[in-house]
Amino acid sequence: MEGKKLYTLLVYSENIAGILNQITAVFTRRQVNIESLNVSASSIPGLHKYTITAWSDEDQIVKITKQIEKKIDVVKAKYYTDDELFFRETGLYKLSTSTVLENPDISRTIRKHGASIVEVNPTYVIVMLNGMTEEVMSLFHALNDYGCVFQYTRSGRIAVTRSKQEEVSTYLEEREKGRLAGVEA
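Residues numbered from 1 in each chain as written. Predicted model: local features only at pLDDT ≥ 70, side-chain atom pairs only at ≥ 80, totals over all residues. Heavy atoms only, no water.

(A) Representation of the overall build of the protein chain. Within the protein chain one finds six helices and nine strands. Counting all 185 residues of the protein chain, 39% fall into the buried class. Considering only contacts in the protein chain between residues 6 or more positions apart, those separated by 24 or more positions represent 74%. With the model as given, the accessible surface of the protein chain reaches about 10800 Å², and the carbon-plus-sulfur share is 50%. (Helix = DSSP H or I, 4+ residues; strand = E, 2+ residues; numbered from the N terminus. Buried < 20%, exposed > 50% of the residue type's maximum accessible area, 1.4 Å probe, protein only. Contact = heavy atoms within 4.5 Å. Areas by Shrake-Rupley, 256 points an atom, 1.4 Å probe, with all protein chains shown as cover.)

What follows is the structure, given as structure tokens:
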């Protein structure tokens, strides 16, 4: 990955069937692998937010962002570096209850990593950790060393900008002013 950096793209669109395929196709055409992808409703009614991470150089990520923004149903797309965002991931770990009960070091490891036990039953224990990718992976490796992991998954990155409001809000306000000015003319 020489010369590559992890970028996060925040893409806002209306909730239209097929838009996710159009967005991911831009990465495929440029042979850039998506590291994580999270899609959810945004804080703006009617808009969905796509949080996409990918390793790239700046020139290529600029081109990808411009291509995504050209899609008819995309309202706004912008790329960010890690220092411009606040972001987290969630890890879920399904562990063997009997192994956890037999080895107190597993519970100590869970506490040391700041994770929470969210469910316990006779068969399995569910542990959850919110944090940076490295923290989530570190707990997985520590628990896996005990041989107690039945299942493990982690979410894609979720992120917000460090500015007061989502940048798409400013864009939408300016677009609305332009629309109203056009109606009055």
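(B) Local environment of the pairing of strand 2 (residues 34-41). Pairing analysis gives seven bridges linking strand 2 to strand 3 (residues 47-56), with the strands arranged antiparallel. Bridge pairing links Asn-38 to Thr-51 in strand 3. Remark: five residues form the turn of the hairpin made by strand 2 and strand 3, two consecutive strands paired antiparallel; Gly-46 in that turn has positive phi of roughly 90 degrees. (Pairing = 2+ DSSP bridges.)

(C) Quick look at the packing of helix 4 (residues 104-112) against helix 5 (residues 133-145). In the contact formed by helix 4 and helix 5, the axes pass within 10 Å of each other and the chain directions differ by 175 degrees. The orientation of helix 4 with respect to helix 5, classified from their angle, is roughly antiparallel. The segment helix 4 lies against helix 5, with Ile-106, Thr-109 and Ile-110 engaging Leu-139, Ala-142 and Leu-143. By residue class, the composition of the contact of helix 4 with helix 5 is five nonpolar, one polar and no charged. (Axes fitted to C-alpha atoms, helices over the stretch in contact; angles between N-to-C directions. Parallel < 35°, antiparallel > 145°, perpendicular 65-115°, else oblique. Nonpolar A, V, L, I, M, F, W, Y, C, P; charged D, E, K, R; others polar.)

(D) Representation of the pairing of strand 9 (residues 158-161). Of the two faces of strand 9, only the one carrying Ala-159 and Thr-161 is buried; Ile-158 and Val-160 on the other face are not. Looking at chain direction, strand 5 (residues 85-96) and strand 9 are connected through four bridges and run antiparallel. Bridge assignment links Phe-87 to a residue of strand 9, and that residue is Ala-159.

(E) How the structure looks around the packing of helix 1 (residues 19-29) against helix 2 (residues 58-69). Between helix 1 and helix 2, the least distance of the axes is 10 Å, while the angle of their chain directions is 150 degrees. By the angle between their axes, helix 1 is roughly antiparallel relative to helix 2. The hand of the helix 1/helix 2 crossing is right-handed. Residues Ile-23, Val-26 and Phe-27 of helix 1 form the contact with helix 2, whose participating residues are Ile-64, Gln-67 and Ile-68. Of the residues belonging to the contact of helix 1 with helix 2, the class tally is five nonpolar, one polar and no charged. (Left-handed = near helix turned anticlockwise from the far one by under 90°.)

(F) The nonpolar core, seen in detail. With 16 residues, the main nonpolar core has Leu-9, Val-11, Ile-23, Phe-27, Ile-64 and Ile-68 as its most contacted residues. Of all the secondary structure elements, the ones that give two or more residues to this core are strand 1 (5-14), helix 1, strand 3, helix 2 and strand 4 (74-80). The leading source of residues in this core is helix 1, at four residues. With 15 residues, the next largest nonpolar core counts Ile-106, Ile-110, Val-127 and Val-136 among its residues. (Core = buried A, V, L, I, M, F, W, Y, C linked by side-chain atoms within 4.5 Å.)

(G) The arrangement of the layout of surface pockets in detail. One number sums up the size of the largest pocket: a volume of about 190 Å³. Surrounding the largest pocket, 13 residues form its lining, Leu-6, Glu-89, Thr-133, Arg-154 and Arg-157 being those nearest its centre. Of all elements in the fold, only strand 2, strand 3, strand 5 and helix 5 reach the threshold of two or more residues within the lining of the largest pocket. When the residues that make up the lining of the largest pocket are grouped by side-chain class, the tally is four nonpolar, three polar and six charged. (1 Å grid on protein atoms, 1.4 Å probe; cavity = no way out; pocket = protein on both sides within 12 Å on 5 of 7 lines; lining within 4 Å. Points joined across faces, edges and corners; volume = space filled by probe spheres on them.)

(H) Structural detail: the packing of aromatic side chains. Across all of its chains, the model carries three aromatic pairs by this definition. An aromatic cluster is built from Tyr-93, Phe-140 and Tyr-152, whose rings are joined through pairwise contacts. The aromatic ring of Tyr-124 is capped on one face by Lys-94, whose charged end is 4.4 Å from the ring centroid. Stacked on the ring of Phe-87, the Lys or Arg Arg-157 has its end atom at 3.6 Å from the ring centre. (Phe/Tyr/Trp six-rings, centres within 6.5 Å; stacked < 30°, edge-to-face > 60°. Lys NZ or Arg CZ within 6 Å of the ring centre and 35° of its normal.)

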